[in-house]
Amino acid sequence: MATNITWHHNLTHEERSKLVKQNGATLWFTGLSASGKSTIACALERKLLETNIQSYRLDGDNVRFGLNKDLGFTEHDRNENIRRISEVAKLFADSCVIALTSFISPYKKDRDEARKLHNESNLPFIEVYVDVPLSVAEERDPKGLYKKARQGLIKNFTGIDDPYEAPEKPEIHINTHEQSVEECVDTIIEYLKKEKIIN
Ligand SMILES: Nc1ncnc2c1ncn2[C@@H]1O[C@H](COP(=O)(O)OP(=O)(O)OP(=O)(O)O)[C@@H](O)[C@H]1O
Ligand SMILES: [Mg+2]
């Protein structure tokens, strides 16, 4: 743990926001594997960029190719994975970009910590619960992970032999078995407008 360190300030967040003409925020997508987090986050990222709103997606799998490539799936490594993603998302939000994180994040405690980190810096943290019945997620199984988990080839798989703690009060709750990708994206855009995060 470093001790002789001091935070070096430049612009305030408000000054930066005025100069770049945009607000930052973190949209934290959570839900079962195959619920549609990456699919919706991708469609939303594209839609925001097409309307000149800077957005960047931190996808669970993608982050493990680089920043978190030294981490596995032990409890310590999962916690560290989330901690780093939270910190990076916070930096993006602070730089007035809309950060989209998409990974299962099954534990309430971890998501609450990410929220706390953002709250401490007065940055919007928006929990997006990507809800789908387990049976539908298992039917979709785009990566074949449920099949492997059922065969016992993957241990501690969320929804099969590890719990998913559903958010109690997510800012946004979407049901991907009832709403199309476009409808889910529109629901999120409406929320961002209502909260005056985007125009
Ligand atoms: N309304 C919908 N919203 C999102 N995805 C949908 C919808 N309907 C069907 N799908 C399909 O469901 C699958 C969702 O896969 P996706 O990779 O987005 O899930 P994920 O939540 O990111 O999973 P993981 O946690 O494993 O990364 C895709 O094949 C997508 O085409
Ligand atoms: Mg994904």
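Keep in mind that this is a model prediction, so the values were computed, not measured.

Caption draft 1: Representation of the overall build of the protein in the model. Along its length, the protein carries 8 helices and 5 strands. Taken from the N to the C terminus, the helices and strands of the protein come in the order α-β-α-β-α-α-β-α-β-α-α-β-α. Seen through its principal axes, the protein has C-alpha atoms that stretch 55 × 45 × 30 Å. For the protein, the share of sequence-separated contacts (at least 6 apart) that also reach a separation of at least 24 residues comes to 73%.

Caption draft 2: Here's a closer look at the site of ligand 1. Around ligand 1 sit 17 residues in total, of which Ser33, Lys37, Thr39, Lys143 and Gln179 are the nearest. The backbone of Gly36 places a nitrogen or oxygen atom 3.0 Å from an oxygen atom of ligand 1. Here Arg140 contributes a side-chain N or O atom positioned 3.4 Å from a nitrogen atom of ligand 1. Protein contacts shield 77% of the accessible area of ligand 1, which totals 640 Å² for the unbound molecule. For the shell around ligand 1, the leading source of residues is helix α2 (residues 37-50), giving 4 residues. Of the residues contributing to the shell around ligand 1, the split by class is 6 nonpolar, 8 polar and 3 charged.

Conventions used here
- Residues numbered from 1 in each chain as written.
- Chains lettered and ligands numbered in written order.
- Predicted model: local features only at pLDDT ≥ 70, side-chain atom pairs only at ≥ 80, totals over all residues.
- Heavy atoms only, no water.
- Helix = DSSP H or I, 4+ residues; strand = E, 2+ residues; numbered from the N terminus.
- Contact = heavy atoms within 4.5 Å.
- Near = heavy atom within 4 Å.
- Polar contact = N/O pair within 3.5 Å; in protein donor to acceptor, adjacent residues only side chain to side chain.
- Areas by Shrake-Rupley, 256 points an atom, 1.4 Å probe, with all protein chains shown as cover.
- Nonpolar A, V, L, I, M, F, W, Y, C, P; charged D, E, K, R; others polar.

Shape is all these values report; function is a separate question.
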